[in-house]
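# Commentary on secondary and tertiary structure
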Amino acid sequence: MRHRAVVWRDLLSTSMESIVMSAPLLPEHISHRIAAIYEEIEKQYDVVAKALDFSCTGCPDNCCDSYFLHHTYTEWAYLWQGMAALPAEKKQQFVRRSQEYVQQSQEALARGERPQIMCPLNDDGLCGLYKHRLLICRLHGVPSSMTRPDGQQLLFPGCFRCQEITGAGEDVPRMDRTKIFQQVVQIEMEWLGVKRNVLPKVKMTIAEMIIKGPSQFKHCQV
Ligand code: SF4
Ligand code: SF4
């Protein structure tokens, strides 16, 4: 924990110019493949949502304050591809909010609490980087399942509001995350190549990804 605090203090002191001026490093063919997976998720999500007569319309909550960690260099870079296309002022606003988010989340974690802080990209209830939002943002809501490599099946009940419809029962329409995750892992492996064996594991919030700038793995020595 102490080590993390030092790391994030260093990141928070990084000059904003150096962050916002950096260019994303995601190759075009990888970018297209991630976009295609995201599109497929939206289609599958809509099928399940329709079967359950479920939507976010009128929800009293906003799950963008959920504390999620993300795990791939690919999604990190794709998020930054969206950031890079924003006007400079907007980008700087998101960076500033991310700095506040990281500060507050570190304080909550130090108190032993799970942070519940609005995502720095959320603008008045709407996602400010909708086309570039991450996998977990896209999957959250409807019930889903996933079969792990060891064969064990995991079931996810969906958000609280969806559970009001399903009663958190097991025999309900659900998205299968297995193929989606396999495809993302495959892309990550292809993109990183042999570097994946030496690079640090990604385990970051969106705010941390924004503060740290575009993924810089090409600068790592292998
Ligand atoms: S996913 Fe669920 S909790 Fe989140 S906004 Fe939609 S209905 Fe509300
Ligand atoms: S990236 Fe967008 S959808 Fe995901 S938590 Fe942030 S505001 Fe919400």
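In this text the structure is predicted, and so the values were computed from the model without any measurement.

Conventions and cut-offs
- In this numbering scheme, every chain counts its residues from 1 along its sequence in written order.
- Ligands are numbered from 1 and chains lettered from A, in the order in which they are written.
- Given that the model is predicted, a residue must reach a pLDDT of at least 70 before its local features are reported, and side-chain atom pairs must reach 80 or more before they are shown or counted; all residues, however, enter totals for whole chains, interfaces and linings.
- Here, nearness is defined through the C-beta atom: a residue counts as near a molecule or strand if that backbone-placed atom lies within 6 Å of it.
- Three residue categories are used. Nonpolar comprises Ala, Val, Leu, Ile, Met, Phe, Trp, Tyr, Cys and Pro, charged comprises Asp, Glu, Lys and Arg, and polar comprises the others, including Gly.
- The helix count covers DSSP runs of H or I at least four residues long, the strand count covers runs of E at least two residues long, and both are numbered beginning at the N terminus.
- Labels follow a simple rule on C-beta atoms placed from the backbone: if 20 or more others lie within 10 Å of a residue's own, it is buried; if 12 or fewer, it is exposed; otherwise it is partly exposed.
- Only when DSSP finds a minimum of two bridges between them are two strands counted as paired.
- What a helix should span is 1.5 Å times the count of its residues minus one.
- As a per-residue measure, pLDDT tells how confident the predictor is, with possible values from 0 to 100.
- In this description, a line fitted to the C-alpha atoms serves as the axis of each element, helices being fitted only across the stretch in contact, and the angle between N-to-C directions of two axes falls anywhere from 0 to 180 degrees.
- Relative orientations are named as follows: roughly parallel for angles under 35 degrees, roughly antiparallel for angles over 145 degrees, roughly perpendicular for angles from 65 to 115 degrees, and oblique for any other angle.
- Contact between two residues is assigned whenever their backbone-derived C-beta positions fall within 7 Å.
- By our criterion, buried Ala, Val, Leu, Ile, Met, Phe, Trp, Tyr and Cys residues that link up through C-beta atoms within 7 Å make up a nonpolar core.

Inspection of the region around ligand 2 gives C64, C119, L121, N122, C127, L129, R133, C137 and I206 as its neighbouring residues. Each residue belonging to the shell around ligand 2 can be placed in one class, and the counts come to seven nonpolar, one polar and one charged.

Looking now at the environment of E190. Within the secondary structure, E190 sits in helix 8 (residues 178-192). The exposure class assigned to E190 is partly exposed, which follows from the 13 C-beta atoms found within 10 Å. Separated by 160 residues in sequence, E190 and I30 have C-alpha atoms that sit 9.0 Å apart.

The next subject is the pairing of strand 4 (residues 153-156). As paired strands, strand 3 (residues 144-147) and strand 4 are joined by four bridges and run antiparallel to one another. In the sheet register, T147 faces strand 4, and the bridge partner there is Q153. Counting the residues that bridge the hairpin from strand 3 to strand 4 gives five residues, and of these G151 lies at a positive phi of roughly 95 degrees.

Its 23 residues give helix 5 (residues 88-110) an end-to-end C-alpha distance of 33 Å, which sits within 8% of 33 Å, the value for a rise of 1.5 Å per residue. Considered for burial, the residues of helix 5 that qualify are F94, R97, S98, Q99, Y101, V102 and S105. Positive backbone phi, at 80 degrees, marks G112, one or two positions downstream of helix 5.

With that out of the way, let us pick up the confidence of the model for the protein. On average, residues of the protein carry a pLDDT of 87, and 86% of them reach 70 or more. Predicted confidence in the protein is weakest over helix 1 (residues 2-12), with a mean pLDDT of 37, and strongest over helix 5, with 97.

Moving on, we get to the site of ligand 1. Around ligand 1, the neighbouring residues are C56, C59, D61, N62, C63, H140, G141, C159, F160, R161 and C162. The class makeup of the residues in the shell around ligand 1 is six nonpolar, three polar and two charged.

Bringing the sheet that holds strand 3 into the picture now. In spatial order, the strands read 4-3-5; together these three strands make up an open sheet with mixed pairing. Both outer strands of the open sheet, strand 4 and strand 5 (175-176), are each paired with one neighbouring strand and no more. In this structure, strand 3 lies alongside strand 5, joined through two bridges in parallel fashion. Note on strand 5: the bridge partner recorded for S145 is D176.

The next thing to look at is the packing of helix 3 (residues 28-52) against helix 4 (residues 73-84). Taken N-terminus to C-terminus, the directions of helix 3 and helix 4 make an angle of 95 degrees; their axes are 11 Å apart at the nearest point. Put simply, helix 3 runs roughly perpendicular to helix 4. Residues I30, S31 and I34 of helix 3 pack against T74, Y78 and Q81 of helix 4. Across the contact of helix 3 with helix 4, the residue classes break down as three nonpolar, three polar and no charged.

Turning to the nonpolar core, a few remarks are in order. Core analysis: the largest hydrophobic core is formed by 29 residues, its most contacted members being W76, A77, L79, M83, I206, A207 and I210. Among the elements of the structure, helix 3, helix 4, helix 5, helix 6 (135-139), helix 8 and helix 9 (206-212) are those that each provide at least two residues to this core. Examining the composition of this core, we find that seven residues originate from one element, helix 4, more than from any other. When sequence neighbours within four positions are dropped, the list of residues in contact with W76 reads V202, M209 and S215. Of all hydrophobic cores here, the second largest spans five residues; its members include V48, F54, V142 and M175.

Quick look at unusual backbone geometry now. A positive phi angle, close to 55 degrees, is found at D53, a residue other than glycine. Backbone geometry places D124, a non-glycine residue, at a positive phi of 50 degrees. Topologically, D124 is positioned in the loop between strand 1 (122-123) and strand 2 (126-127). D124 gets classed as exposed once you count the C-beta atoms within 10 Å, which come to 6.

Here R33 lies in helix 3. For R33, a count of 19 C-beta atoms within 10 Å corresponds to the partly exposed category.

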